[in-house]
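Report on the structure
The primary structure of each chain is shown beneath.
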Amino acid sequence: GTLSWLEFRDSFEDTEMSKKWMLLDFQPAECKELFELLDDGDGEIDTEEFFEGLGRMKGIAQSKDIFRVQKVVNSLQGCLAEIREEFRQEKKSQRVPTTQRKKKSPPLCP
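The model shown is predicted, which means the values in this text are computed figures rather than measured ones.

1. Quick word on a negative patch on the surface
- The grouping of Glu7, Asp40, Asp42, Glu44, Asp46, Glu48 and Glu52 at the surface amounts to a negative patch.
- Those elements that place two or more of their residues in the negative patch are β2 (44-46) and α4 (47-57).
- Relative to the elements of secondary structure, Asp42 occurs in the loop between α3 (31-38) and β2.

2. With respect to the nonpolar core
- Counting residues in each nonpolar core, the largest one holds 11 residues, listed as Phe8, Phe12, Trp21, Phe26, Cys31, Leu34, Phe35, Leu38, Ile45, Phe50 and Leu54.
- Every element with two or more residues in this core is listed here: α1 (5-13), α3 and α4.
- Ranked by residue count, the leading element in this core is α3, at 4 residues.
- Leave out the neighbours within four places in its chain, and Phe26 touches Phe12, Trp21, Leu34, Leu54, Met57 and Lys58.

3. Digging into the packing of aromatic side chains
- Following the criterion strictly, the structure yields 8 aromatic pairs and no others.
- On the numbers, 5.4 Å between centres and 55° between planes, the contact of Phe8 with Phe35 is tilted. Within this pair, whereas Phe8 is found in helix α1, its partner Phe35 is found in helix α3, the two being separated by 27 residues in sequence. Each member of the pair, Phe8 as well as Phe35, is classed as buried.
- Counting every residue linked through ring pairs, the aromatic cluster contains Trp5, Phe8, Phe12, Trp21, Phe26, Phe35, Phe50 and Phe51.
- The ring of Trp5 has Lys32 lying over it, and the distance from NZ or CZ to the ring centre is 4.3 Å.

4. Re the environment of Asp14
- Looking at the secondary structure, you find Asp14 in the loop between α1 and α2 (15-23).
- Note on Asp14: relative accessible area 37%, which makes it partly exposed.
- At a separation of 2.9 Å, a polar atom in the side chain of Asp14 contacts the main-chain amide nitrogen of Met17.

Reading guide: rules and limits
Residues numbered from 1 in each chain as written. Predicted model: local features only at pLDDT ≥ 70, side-chain atom pairs only at ≥ 80, totals over all residues. Heavy atoms only, no water. Patch = residues over 30% accessible without salt bridge, like charges linked within 9 Å, V, L, I, M, F, W, Y side chains within 5 Å. Areas by Shrake-Rupley, 256 points an atom, 1.4 Å probe, with all protein chains shown as cover. Salt bridge = Lys/Arg side-chain N within 4 Å of Asp/Glu carboxyl O. Lys, Arg positive; Asp, Glu negative; His and termini not counted. Charge placed at Lys NZ, Arg CZ, Asp CG, Glu CD. Helix = DSSP H or I, 4+ residues; strand = E, 2+ residues; numbered from the N terminus. Core = buried A, V, L, I, M, F, W, Y, C linked by side-chain atoms within 4.5 Å. Buried < 20%, exposed > 50% of the residue type's maximum accessible area, 1.4 Å probe, protein only. Contact = heavy atoms within 4.5 Å. Phe/Tyr/Trp six-rings, centres within 6.5 Å; stacked < 30°, edge-to-face > 60°. Lys NZ or Arg CZ within 6 Å of the ring centre and 35° of its normal. Polar contact = N/O pair within 3.5 Å; in protein donor to acceptor, adjacent residues only side chain to side chain.

So, in structure tokens, the structure goes:
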């Protein structure tokens, strides 16, 4: 089975279910964010997404987990900076006659 957003939201409004959510340390104010984290993008949460997602969210993040995420974020920031610079160069080169344009180097990000 699957849960739609409305069914998921209603579970936080139900007195008994709300108590169970609180035992899992999820507050009603986190309902929408939690749904979006569990959902794979199709607007519904299936059983596998639900249990796998909750299992990954609970527990204390270890330093290595935070470090891993930080490395990915740093890498993405670097890629964005490269894209921004390439865009600026391309925009700038559009103003220069074609005979004066420099040969582009391959991008550093995959």
